[in-house]
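If you want the building blocks of each chain, they are given just below.
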Amino acid sequence: MTPSGPDDRLAAAARRLRRTVLDAVHARGGGHIGGMLSLVEILTALYYDWLRLDGGDDRDRCLLSKGHCALLLYQVLAERGLLPAAELEHAVTTGSELCAHPEYRPEWGIEATAGSLGHGLALGSGIAYALARRGSPARTVVILGDGECQEGSVWEAALFAARHRLGNLLAVVDHNGLQAIAPVSDVVSWTSPAALWSACGWRTIEVDGHDPAALCAAFAGVAPGTPPLAVIARTVKGKGVSFMEDAPLWHYRAPDAAEYARACRELDP
Amino acid sequence: MRDAFIRAMERLAAAQPDVLLLSADIGAIVFDDYRARYPRQFLNVGVSEQQLVGCAAGMALTGLRPFAYTIVPFLLFRAFEQVRVDICQQRQPVVLVGVGGGVAYSTLGPTHHAIEDIAVARALPGMTVIVPASPAETEAAVAAAYALARPVYLRLGLAGEPAVPHAAAFAPGRGEVLREGADAFIIACGAMVATALQAANLLAGTGRRVGVVNMATVKPLDTGLLTRLAEHTRLFCTCEEHSLVGGLGSAVAEFAADALPGVRVLRCGLPDAYLTRCDTRAGLHAACGLDPAGVAARLAAAL
């Protein structure tokens, strides 16, 4: 990574978010920690660089279609001032209005309900279509998991978005190679995830999903009036905590005391 | 009813530029005039019903007012989770228009029949379920659904439905007394309203005074009307072009069980079975006792 100011800011945000999400999962006795850790740089590049969050009806929209990583989303939304801090503190605990999967609440920055995989791209395509129709400059990004791309509804949406040349729509695939109970390659034989998107009529870019500068550069390719862009972000599930990295066990789990202590040391040496 | 729907959509599209009609590749020819007149307000999303509903929800999130149209089973069953989550859980103002309710598509076979749709639509929190009884009521329901600005499932027949002598303008949530009665009331919806009127006529010929209610909104049910009728009438006979499981009859029986002690609910509907024999719509009705004579006989036996 180049030692420039903005990159430092993104790297610092990523370090901070890894630690806060580890703490949050540990405190709640469980969470989809692996997929949250693979998502950190993607969310920081979006929320600290690419997304124009002000703008009311013409704000950019971010839909976390891999909704099981909501706890990380809530952290980011709170840092960006969209989600009240008091709500964050009690998120996903008894009595909270925030459950482990996001529910549509635009005033808190939650642009769509998610939790059942495969819905976000269709929603995003409708949002993008409506925004383009009224000439809004706003962009829409949908974050998907690579396992999630096994849902047929993703491809119904991809075909639609390309046909209607929704250049204001960005898909980011958190391509960490694992799904809930298996590696993705055990379940499907697609030879190239990018090829699926380009076959549907999308432009595609593959990047290191843990390199904020590369992600920002990729997102800069979004432009209206062009085919929509899919950024395949190659990531590591559990990134940042050595014993969680690339480990199917950490799809949904709580670190015990020893694991938590070890993870803290790794994240804040 | 389909033609009435299209007429109503043309009026609505002319008046409301935020209205969009989305089709999942259904409506060859019948939509040609609409598409020619309102090209920016029609979209064929293709043979992709999950996209139809999810995309409509996304449009609604962003201020458009989509009407999502296809054959009932493809609309509601294929895309049920999108209906459940994207529309109902997010409370979006999408009107789901299902054509071919009941056995309107008759000879096309059970894949094109809709015998479970009212049941599953009713089970969705926040969903309004409207089953117009006539082409004129269909037109009124389209405008009303737009005005509601909430999730709506509009269940249409197809073609050939007769006019009904409506007593009042359509209002969502309000049942309509078409014929007064004392011995019993037939509570019907959709195509069965005309059937109910004929059945009541047959029974009048034998001295029984049977009223008819058009319960055009199945959810929310007009429980106030049922309560008023129950003050003087102790037998309700429901009649629907839908399975006996979970539809209008079940809705009325649920309310009666909760609030109308002493009222008996007799339910006429399609059997809990897929109707696989190739037959006309009228033929299927007769085979299931849903023709006027069949309904009259069932009710007579209970009176």
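Attention here is on the structure that accompanies the text. Once a new chain begins, its residue numbering starts again from 1 and follows that chain's sequence as written. By the order in which they are written, chains take letters starting at A while ligands take numbers starting at 1. For this predicted model, a pLDDT threshold of at least 70 governs which residues receive local features, and a threshold of 80 or more governs which side-chain atom pairs are given and counted, while totals over whole chains, interfaces and linings are taken from all residues. Where side-chain values are given, they derive from all heavy atoms of the structure, hydrogens and water being excluded.

On to the nonpolar core, then. Residues belong to one nonpolar core when they are buried, are Ala, Val, Leu, Ile, Met, Phe, Trp, Tyr or Cys, and are joined through side-chain atoms within 4.5 Å. Each residue's exposure class comes from its accessible area (1.4 Å probe, protein chains only) as a fraction of the maximum for that residue type: buried when under 20%, exposed when over 50%, partly exposed otherwise. Judged by nonpolar contacts, the single largest core of 82 residues is most densely connected at Leu121(A), Trp197(A), Trp202(A), Leu96(B) and Phe236(B). We call two residues in contact whenever any of their non-hydrogen atoms come within 4.5 Å of each other. Discounting residues that sit within four places of it in the chain, Trp197(A) has contacts with Leu121(A), Leu144(A), Cys149(A), Val154(A), Trp155(A), Ala158(A), Ala171(A), Val173(A), Trp202(A), Thr204(A), Ala230(A) and Ile232(A). The next biggest cluster of nonpolar side chains, apart from the first, holds 60 residues, and it includes Ala24(A), Phe219(A), Val231(A) and Tyr260(A).

Turning our attention to the pattern of salt bridges. Salt bridges, as used here, are contacts in which a Lys or Arg side-chain nitrogen is within 4 Å of a carboxyl oxygen on Asp or Glu. On inspection of all chains with the given rule, the structure shows 22 salt bridges over all chains. For the salt bridge of Asp60(A) with Arg52(A), the shortest nitrogen-to-oxygen distance reads 4.0 Å. Between Arg281(B) and Glu241(B) there is a salt bridge, with the nearest N and O atoms lying 2.8 Å from each other. Of this pair, Arg281(B) sits in helix α11 (residues 281–287) while Glu241(B) sits in strand β11 (residues 235–243), placing them 40 residues apart in sequence. Assigned by exposure class, Arg281(B) and Glu241(B) land together as buried. The structure contains a network of salt bridges with shared partners spanning Arg19(A), Asp23(A) and Asp268(A). Labels follow the DSSP assignment, with helices taken as runs of H or I lasting at least four residues and strands as runs of E lasting at least two, numbered in each case from the N terminus.

Walk down a regular strand and you will see the side chains alternate between the two sheet faces. Residues and elements named next belong to chain A. Of the two faces of strand β1 (residues 61–64), the one holding Arg-61 and Leu-63 and the one holding Cys-62 and Leu-64 are both buried throughout. Where β1 meets strand β2 (residues 140–145), 4 bridges bridge the pair, whose relative direction is parallel. Paired with Arg-61 across the strands is Thr-140, a residue of β2. Think of it this way: DSSP has to see at least two bridges between two strands before they count as a pair.

Moving on, we come to the side chain of His210(A). Residues and elements named next belong to chain A. Tracing the backbone shows His-210 in the loop between β4 (203–208) and α10 (212–219). Among the polar contacts listed, one links the side chain of His-210 to the side chain of Glu-41, at a separation of 2.8 Å. For the purposes of these results, a polar contact is taken to be a pair of N or O atoms within 3.5 Å, where, inside protein, one atom must be able to donate a hydrogen and its partner to accept one; residues adjacent in sequence count only when each atom of the pair is a side-chain atom. Within the structure, His-210 has its side chain in polar contact with the backbone nitrogen of Val-236 (distance 2.9 Å). When residues no more than four places from it in sequence are discounted, the contact partners of His-210 are Arg-18, Leu-37, Ser-38, Glu-41, Arg-234, Thr-235, Val-236 and Lys-239.

So, on to the interface of chain A and chain B. Frequently, the measure chosen for interface size is the accessible area removed from exposure when the parts meet. Taken together, the contacts link 22 residues of chain A with 25 residues of chain B. Among the residues chain A hides against chain B, the three largest losses belong to His119(A), Arg133(A) and Glu156(A). Together they make up 33% of the total. Between chain A and chain B we count 0 salt bridges in total. At the junction of chain A with chain B, the criterion picks out 11 residue pairs in polar contact (both at pLDDT 80 or more). Here the side of chain A that touches chain B takes 9 residues from helix α6 (residues 120–133) of chain A, the largest share from any one element. Buried area: the accessible surface (1.4 Å probe) lost by two parts on joining, summed over both.

Looking now at the packing of aromatic side chains. Aromatic pairs are defined between Phe, Tyr and Trp rings, using the six-membered ring for Trp, whenever the two ring centres lie within 6.5 Å; interplanar angles under 30 degrees are classed as stacked, those over 60 as edge-to-face, and all others as tilted. The tally for this structure, following the rule as stated, stands at 10 aromatic pairs over all chains. Each ring, one from Phe243(A) and one from Trp250(A), has its centre 5.7 Å from the other, and the planes form 65 degrees; the classification is edge-to-face. The structure contains a cluster of three or more aromatic residues connected by ring pairs, namely Phe5(B), Phe31(B), Tyr34(B), Tyr38(B), Phe42(B) and Tyr69(B). In this scheme, the term charge over a ring applies when either NZ of a lysine or CZ of an arginine sits within 6 Å of the ring centre and within 35 degrees of the ring normal. Over the face of the ring belonging to Trp108(A) we find Arg105(A), whose NZ or CZ atom lies 3.7 Å from the ring centre. Over the ring of Tyr146(B) we find Arg65(B); its NZ or CZ atom is 4.2 Å from the centre of that ring.

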